[in-house]
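# Architecture at a glance
In case you want the letters, here they are:
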Amino acid sequence: MDCIFCKIIEGSIPSTKVYESDTVLAFKDIQPAAPVHIVIIPKKHIPTMNDVTDEDAAVIAELFAAARQIAKEQGIAEAGYRLVNNVNSDGGQVVYHLHVHLLGGKKLGALVGNNAS
Ligand code: 5GP
Ligand code: ZN
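The structure displayed is predicted, hence computed values, not measured ones. (Residues numbered from 1 in each chain as written. Chains lettered and ligands numbered in written order. Predicted model: local features only at pLDDT ≥ 70, side-chain atom pairs only at ≥ 80, totals over all residues. Heavy atoms only, no water.)

## As for the side chain of D29
- In this fold, D29 is placed in the loop between β2 (24-28) and β3 (36-42).
- Here D29 is buried and forms no salt bridge, its nearest opposite-charge partner K28 lying at an N-O distance of 12 Å.
- Within polar-contact distance, the side chain of D29 engages the backbone nitrogen of Q31 at 2.8 Å.
- Leaving out residues up to four positions away in the same chain, D29 has contacts with H37, I38, V39 and H101. (Helix = DSSP H or I, 4+ residues; strand = E, 2+ residues; numbered from the N terminus. Buried < 20%, exposed > 50% of the residue type's maximum accessible area, 1.4 Å probe, protein only. Lys, Arg positive; Asp, Glu negative; His and termini not counted. Salt bridge = Lys/Arg side-chain N within 4 Å of Asp/Glu carboxyl O. Polar contact = N/O pair within 3.5 Å; in protein donor to acceptor, adjacent residues only side chain to side chain. Contact = heavy atoms within 4.5 Å.)

Shown next as structure tokens:
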């Protein structure tokens, strides 16, 4: 399958892994937007949040459990961090393999400004 993140799971594209379980993988983002920027993905190829089904409940829970553990390990749990899931074009999704960005290590800017239109 022509999916960058599936290739990272296979190992045919290298990555700096920070967490791995049977169902979830996390690695450093190649273009970090914050001092800590980690991408957390299910090993199952799910294109977007829109494609998640009730059968995926356990893997979604594991994704968030991994985020909690990684934030602790990175030493940013108490100071705080942001989890982001971009969906489709308006959401700014570039890689169509479900993922959550874990961002932290500095005070992040406000997410919502005066941009409602
Ligand atoms: P999206 O915009 O789809 O939510 O985020 C995709 C993220 O994947 C981007 O932040 C981008 O920097 C990251 N990314 C894309 N290709 C690679 C890669 O080959 N290796 C790593 N480590 N990150 C990647
Ligand atoms: Zn994939």
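Here the narrative resumes.
## A word on a nonpolar patch on the surface
- Judged by side-chain polarity, F64, Y81 and L83 come together as a nonpolar surface patch covering roughly 240 Å² of accessible area.
- A relative accessible area of 33% places L83 in the partly exposed class. (Patch = residues over 30% accessible without salt bridge, like charges linked within 9 Å, V, L, I, M, F, W, Y side chains within 5 Å. Areas by Shrake-Rupley, 256 points an atom, 1.4 Å probe, with all protein chains shown as cover.)

## Quick notes on the environment of S21
- Mapped onto the fold, S21 is located in the loop between β1 (17-20) and β2.
- Remark: the alpha-carbon pair of S21 and R68, spanning 47 residues in sequence, is separated by 14 Å.

The quantities given are spatial measurements derived from coordinates; they are silent on function.
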